[in-house]
Amino acid sequence: MRKEVYSICFMCTIRCPIKVTVENGTVTWIEGNSHQLNGALCAKGSAGTALLYDSERLRYPLIRAGARGEGKWRRATWDEALDYTATRLKEIIGRHGPQSVVFGERQNLNTHISKTFMRAIGSPNHFTHDALCKGSVNTAFRSLTGYTDAQVNMDFANAKHVILYGRNFFESLQLKPIQALMAAKEKGAQITYLDIRSTVTASHAHRFWMIRPGTDVALNYALIHVVLEENLYDEAYVNKWVSGLPELRAFVEPYTPEWAEEETGIPAQEIVALAREVSRDKPQVIFNFGYRGASHTNEIYLRRSIIILNALMGSIEAKGGLFFNKGPADAGWGSFRSLTEQEELPKASGERFDGVGGKKLPVCDPAHGVASMLPLAILNEDPYPIRAAIVNRFDPLLSVPDYNLNKRAFDRLDLIVSIDVNFSETAWFSDVILPESIYLERGDSLQLSSGLKPTLFMRRQCVPPRYDTKPQWEIVKRLAERLGVGRYFPYETIEDLWKFQLQDMDITIGDFDGKGFVSLAEKPIFWDRLTGIKFKTPSGKIELVSSLLEDNGFPSFPAYEAMPSPPEGSFRLTTGRCAVHTHVSTQNNPYLSELVPENTLWINSDEAAKLGITDGQEVEVTSDYGFGRIKAHVTDFIHPEAVFMLHGFGRQVSATTRCFDKGASDTALQANVTDMIGGSPALHHTFVRVRPRR
Ligand SMILES: Nc1nc2c(c(=O)[nH]1)N[C@H]1C(S)=C(S)[C@@H](COP(=O)(O)OP(=O)(O)OC[C@H]3O[C@@H](n4cnc5c(=O)[nH]c(N)nc54)[C@H](O)[C@@H]3O)O[C@H]1N2
Ligand SMILES: Nc1nc2c(c(=O)[nH]1)N[C@H]1C(S)=C(S)[C@@H](COP(=O)(O)OP(=O)(O)OC[C@H]3O[C@@H](n4cnc5c(=O)[nH]c(N)nc54)[C@H](O)[C@@H]3O)O[C@H]1N2
Ligand code: SF4
Ligand SMILES: [Mo]
C-alpha cells in the first residue's frame, strides 16, 4: 500500500509545505510540496525520517526517579504522568497562586491552545521564544509603523537590490524566500551582504563587507546621512507617510561616511556609492530587517535604522520591497478562529513575571513576553515567586543565554514539566516528561499564513505514533480537564479542532485534499502605496519620532555609542546557524549528526598565530560565565575582533549519544544581558578568552 500525504514540515519552525510518501505504513520519502516549493526541501526536512525512526527520542511518559539531571527515570502511563502533573500544579497554585506557574513555548500552530490553558487557570505568564529571536525587531517595527515584524514580509522576487545585515540567507534557511531571491538575482537583482565573517551568503553576494562587529548601526546612520544630504529619498512617499524627518536630519548630521569608516572599517566612498545605487533602484529595494535580531543591547536602534532606510526608499508596501501581510478579511473571507477568542475564557490579567507591559519592559510585546527574564525572575523572586514551569517545544536551558544561571534558576522550581520529542537539556532536568508525537505522527491546528496571498495550510498525520506519545493539543486538554477547566477545549479529535478554526469560513477539511493548502486570494493584495496604507501608529504615519518610545520615556534618536573593541587577547563571541541543523533540536539526529557532528571556533589567522593556535587544534574558551573545549577553525575570513561558533553544541545529556559532549556551547559562555527597550537578548555581548588546550 502506497499513499502520498500533503502536510507541513516541522524539522524547524519555517514550516515548509511537504508531500510525504508512505509505503506499507513506513515513511519512505519526503519532498517539498510541488505546488509551493517545486519539490525542494532542505537537508533537515529530508532527515525527518531519521527522527521518526530514531530510538533515542522520547518514547513514553517519564517521571523523575533520581536527582534532577541525574538521568534516573520511571516509565509512567499517560494517566499517571498527567495525574502527577495536575496534582503538583494544584498544590502549587493553591499555595502560591496561579501566577507562580509559567508556560513557555516556541511559537507553534497550537500556541492558541497553550494560551487558552494559561488564561483558564488564571496565570498571565504564557511566553514564547520570540523575544529571544527577534523581540527588538518586533518593538522597532511597532515603534515606527504600529505593526509587529511578523505582520510584515519582503517581496524578494521583484526586488532590485537586497541589503543583508548578518542575515545569513543561504545557510539560515527559509526555502521560499531563497527561491524568490535566486529568481530575482537571475533577473539582475543586486545583493549587498555585511557580516563579520565570510559565509555561504557572502559567496552569493555582489558586494560583501566584513564589518567591525557590532557597528552596523554606524553604517546605517552614515547611509541615512548621505540619503538625506543628497536628496536620494522617495519624496512623494516620505511627504505623504513619514513624520519626524527634520528630527532625523538633525540627528544624522554628525554621522558622516568618514566617521562611519572609522567605526566600521568600510571605506567612506563605498558607503556613498551604496546609498546612490539603492536610490536608483527605489522603491524595489529591501534593507532586510533581519530574522534573528538579538546581538547587542542597542538592538532596537539598529533595527529601527534598517526600517527607516526602507521608509526613505519608499519601499514599505511596494512591489519588490516590504509589504504588510494580508489576512482572510483583506481577501473578503470571514475570520479564522482561535480558541483564545472564546467569550467565556477569562482575559489574561495581573503583572507578568517578565515585567512586560509594566515598568521594567513597558514597550515589549505581551503576546510573546521576554523569555530571558525568566531565570532572573525565578532567582530574585521578582516580581513574585515562580514555582512551576511547563515548557513545550522549547529548551530554555540552552535557548536563554547563560546555561549555568538557567540551571541554578530552574533548580529552584518545585515543578518542571517538558513537552518535547527529544531529550532536550530542559527535559533531562525536568520532573515530568510528556512526550509529543513527532510532526509526521500527528495533525495540528491549521496554519494561517498571512501574506500577499493569505493561505491556509494543514498538517496531517502521515503514520500512527510509533511509541506511547500524544499530540500537544491532546496533552494540554487532558491536563486542563484534571485542573477543572476542560470546558475551554471543545474538541476531541483534530477534525473537531479544524472545524472550530474554520467555523466562520466557507471552507471544509476536504478542500485541503488536492494540494494540502487553500489559497484565500487569487492575486497578491497590495494597498495603494501613495493613498491606501493603513499604518497603525497614533498618527497613521511612519513615526520616526516614535510616540510608543517617547511616551514611555525612551528616546527615538539616542546619540551613537561606540561599540567597544575587546581587550587584547579577548574576542567578541558571536554565534549562528548552519544549513543542516536547527538551533538545539537536530544535533542528535542520526543523519544530520553525521553531516555536522560538532562545532568549531572560527578565529582569525593572525590572532590565532599570536596565541600559538593552529587549525584543528583543541582550544579552551572561557568567559566570566562558563567554559568550553572546541576545535579551532583558523581562517582569514573572520574579523580579528570576533570568534564564532555554531549554536546548539556542547550537549550534556548522556542519553543523546550522538551529540553528547561534542564541541562547545555558546549558551554556556554568554551573559544573560537583554536590550531593555526592545526585548532581545544581546547574544554577541560577551567577550571570551581563548588558549590552546592544556
Ligand atoms: N545561546 C543562544 N541562544 C539562542 C540562540 C542562539 O543563537 N544562541 N538563538 C535564538 C533563536 S534565533 C531562537 S529562534 C531560539 C530557538 O529556541 P528553541 O525554540 O528552544 O530551539 P529549537 O531548537 O527550535 O527547539 C527547541 C525544542 O523543541 C523540540 N521539538 C522539536 N520538534 C518538536 C515537536 O514537534 N514537539 C515538541 N513538543 N517539541 C519539539 C526540540 O527537541 C527542542 O528540544 O533560540 C534563541 N536562543
Ligand atoms: N538551517 C537553519 N536555518 C534556520 C534556522 C535554523 O535553526 N537552521 N533557524 C531560523 C531562525 S529561528 C532564525 S532566527 C534564522 C536566523 O538567521 P540569521 O538571522 O541569518 O542568523 P544567524 O544564523 O544566527 O547568523 C547570524 C550571522 O550574523 C553574523 N554576525 C555576527 N556579528 C555581526 C555583526 O556585528 N554584524 C553583522 N553584519 N553580522 C554579524 C554571524 O557571523 C552570522 O553569520 O534562521 C532561520 N533559519
Ligand atoms: S527549512 Fe527545512 S527543516 Fe525548516 S521547515 Fe523547511 S524543509 Fe523543514
Ligand atoms: Mo530565531
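If you're wondering where the values come from, they're calculated on a predicted model, not measured in any experiment.

Enquirer: Provide a residue-level description of the side chain of E56, including the pertinent values.
Expert: Looking at where E56 falls in the secondary structure, it is placed in the loop between α3 (48-52) and β4 (62-64). A relative accessible area of 18% means that E56 is categorised as buried. At 2.8 Å, the side chain of E56 and the side chain of N588 are in polar contact. A distance of 2.6 Å separates polar atoms of two side chains, one belonging to E56 and the other to T657. With residues near it in sequence (within four places) discarded, E56 still touches F423, N588, A655, T656, T657 and R658.

Enquirer: Outline the state of the cysteines, listing residues and values.
Expert: Considering all chains together, one arrives at zero disulfides under this definition. This cysteine, C462, is not joined by any disulfide, and C9 carries the nearest cysteine sulfur, 11 Å off. Given a relative accessible area of 3%, C462 falls into the buried group.

Enquirer: Outline helix α19 (residues 472-482), supporting the account with residue identities and numerical values.
Expert: Counting buried positions over the 11 residues of α19 gives nine, a clear majority of the element. G484 sits one or two positions beyond α19 and adopts a positive phi of about 80 degrees.

Enquirer: Tell me what's going on with the sheet that holds strand β2 (residues 17-23), and back it up with residues and numbers.
Expert: Spatial strand order, β1-β2-β3: three strands in an open sheet with antiparallel pairing. This sheet does not close on itself; its edge strands, each paired only once, are β1 (2-8) and β3 (26-32). The average undirected angle you get between the axes of adjacent strands in this sheet is 25 degrees. Where β2 meets β3, six bridges bridge the pair, whose relative direction is antiparallel. Paired with V22 across the bridge in β3 is V27.

Enquirer: Tell me about the site of ligand 2, and name the residues and values.
Expert: Among the 32 residues in the neighbourhood of ligand 2, the closest are listed as N168, S172, D195, D216 and H581. Contact distances for ligand 2 include 3.0 Å between an oxygen atom and a side-chain N or O atom of R577. Between ligand 2 and H581 there is a distance of 2.7 Å, counted from a nitrogen atom to a backbone nitrogen or oxygen. Protein burial of ligand 2: of its 930 Å² of free accessible surface, 97% is covered by the chains. Top element by residues in the shell around ligand 2 is strand β22 (residues 570-576). It accounts for three residues. In the shell around ligand 2, the residues fall into 11 nonpolar, 12 polar and nine charged. When residues of the shell around ligand 2 are sorted by domain, at least three fall in each of domain 2 (146-324) and domain 3 (570-692).

Enquirer: Any chance you could break down the sheet that holds strand β18 (residues 447-449) for me, citing the residues and the numbers?
Expert: Taken in spatial order, the three strands line up as β18-β19-β20 in an open sheet, and their pairing is antiparallel. Because the sheet does not close on itself, it has two edges, and the strands there are β18 and β20 (517-519). In this sheet, neighbouring strand axes are inclined to one another by 20 degrees on average, regardless of whether the strands run parallel or antiparallel. Pairing between β18 and strand β19 (residues 455-457): three bridges, direction antiparallel. In the sheet register, S449 faces β19, and the bridge partner there is T455.

Enquirer: Describe the environment of V417, with residues and values.
Expert: Along the chain, V417 turns up in strand β16 (residues 415-420). By relative accessible area, V417 is classed as buried at 1%. Taking C-alpha positions, V417 is 52 Å from H225, a pair spaced 192 residues apart along the chain. Setting aside chain neighbours within four positions, we find V417 in contact with T85, A389, I390, V391, S430, V432 and L434.

Enquirer: Tell me what's going on with the packing of helix α9 (residues 216-229) against helix α13 (residues 268-281), and back it up with residues and numbers.
Expert: The geometry of α9 relative to α13 is characterised by a closest axis approach of 9 Å and an angle of 60 degrees between their N-to-C directions. Relative to α13, α9 is oriented oblique. The chirality of how α9 crosses α13 is right-handed. Only I271, V272, L274 and A275 of α13 make contact with α9, whose side of the interface consists of L219, A222, L223, V226 and V227. Residues of the contact of α9 with α13, tallied by class, amount to nine nonpolar, no polar and no charged.

Enquirer: Lay out the environment of T340 with the relevant residues and their values.
Expert: Mapping T340 onto the fold places it in the loop between β14 (322-324) and α15 (374-380). Not counting chain neighbours up to four residues away, the residues in contact with T340 comprise H112, K115, T116, R119 and L345. For T340, the side chain forms a polar contact with the side chain of S338, separated by 2.5 Å.

Enquirer: Go over the nonpolar core, please, and point to the residues and values.
Expert: Generally speaking, a soluble globular protein has its nonpolar side chains buried in company with each other. Residues L248, F287, L312 and Y439 are the most contacted members of the largest nonpolar core, which totals 115 residues. For this core, the leading source of residues is α9, giving 10 residues. Setting aside its immediate chain neighbours within four residues, Y439 contacts I8, C9, F10, M11, I18, I30, G45, G48, L51, R459 and R460. Of all hydrophobic cores here, the second largest spans 49 residues; its members include A86, I121, F336 and W473.

Enquirer: Explain the packing of aromatic side chains to me, using residue names and the numbers behind them.
Expert: If you walk through the whole model with that rule in mind, you get 26 aromatic pairs. A ring pair is formed by W259 and Y560, whose centres lie 5.0 Å apart and whose planes are at 90 degrees; its orientation type is edge-to-face. Of this pair, W259 sits in helix α12 (residues 257-264) while Y560 sits in the loop between α21 (547-551) and β22, and the two are 301 residues apart along the sequence. You can call W259 partly exposed: its relative accessible area is 21%. According to the relative accessible area criterion, Y560 is buried, its value standing at 15%. An aromatic cluster of three or more residues is present, and its members are Y221, F251, Y255, W259, F557 and Y560. Sitting above the plane of the W527 ring, K326 keeps its charged end 4.7 Å from the centroid. Lying over the aromatic face of Y491, K477 brings its terminal NZ or CZ to 5.3 Å of the ring centre.

Enquirer: Can you explain the domain arrangement of the protein chain? Please cite residues and give values.
Expert: Many authors give the size of an interface as the accessible area that is lost as the parts come together. Here the domain parsing of the protein chain yields domain 1 (62-128 + 352-519), domain 2 (146-324) and domain 3 (570-692). When each unit is reduced to the centre of its C-alpha atoms, the spacing between domain 1 and domain 3 is 29 Å. Contact residues are listed per partner, giving 26 residues for domain 1 and 25 residues for domain 3. Inspection of the domain 1/domain 3 interface yields one salt bridge. Viewed at the interface, domain 3 and domain 1 are joined by 10 residue pairs in polar contact (both at pLDDT 80 or more). If you list the elements that add at least two residues to the side of domain 1 that touches domain 3, you get α15, α16 (396-399), α17 (403-410) and α18 (425-428).

Enquirer: Give me the lowdown on the site of ligand 3, citing residues and values where you can.
Expert: If you check the shell around ligand 3, you find C9, M11, C12, I14, R15, C16, L41, C42, K44, G45 and L175 and nothing else. Taken together, the residues of the shell around ligand 3 sort by class into eight nonpolar, one polar and two charged.

Parameters at a glance
Residues numbered from 1 in each chain as written. Chains lettered and ligands numbered in written order. Predicted model: local features only at pLDDT ≥ 70, side-chain atom pairs only at ≥ 80, totals over all residues. Heavy atoms only, no water. Helix = DSSP H or I, 4+ residues; strand = E, 2+ residues; numbered from the N terminus. Buried < 20%, exposed > 50% of the residue type's maximum accessible area, 1.4 Å probe, protein only. Polar contact = N/O pair within 3.5 Å; in protein donor to acceptor, adjacent residues only side chain to side chain. Contact = heavy atoms within 4.5 Å. Disulfide = S-S within 2.5 Å. Pairing = 2+ DSSP bridges. Axes fitted to C-alpha atoms, helices over the stretch in contact; angles between N-to-C directions. Near = heavy atom within 4 Å. Areas by Shrake-Rupley, 256 points an atom, 1.4 Å probe, with all protein chains shown as cover. Nonpolar A, V, L, I, M, F, W, Y, C, P; charged D, E, K, R; others polar. Domains from an automatic or database assignment. Parallel < 35°, antiparallel > 145°, perpendicular 65-115°, else oblique. Left-handed = near helix turned anticlockwise from the far one by under 90°. Core = buried A, V, L, I, M, F, W, Y, C linked by side-chain atoms within 4.5 Å. Phe/Tyr/Trp six-rings, centres within 6.5 Å; stacked < 30°, edge-to-face > 60°. Lys NZ or Arg CZ within 6 Å of the ring centre and 35° of its normal. Salt bridge = Lys/Arg side-chain N within 4 Å of Asp/Glu carboxyl O.

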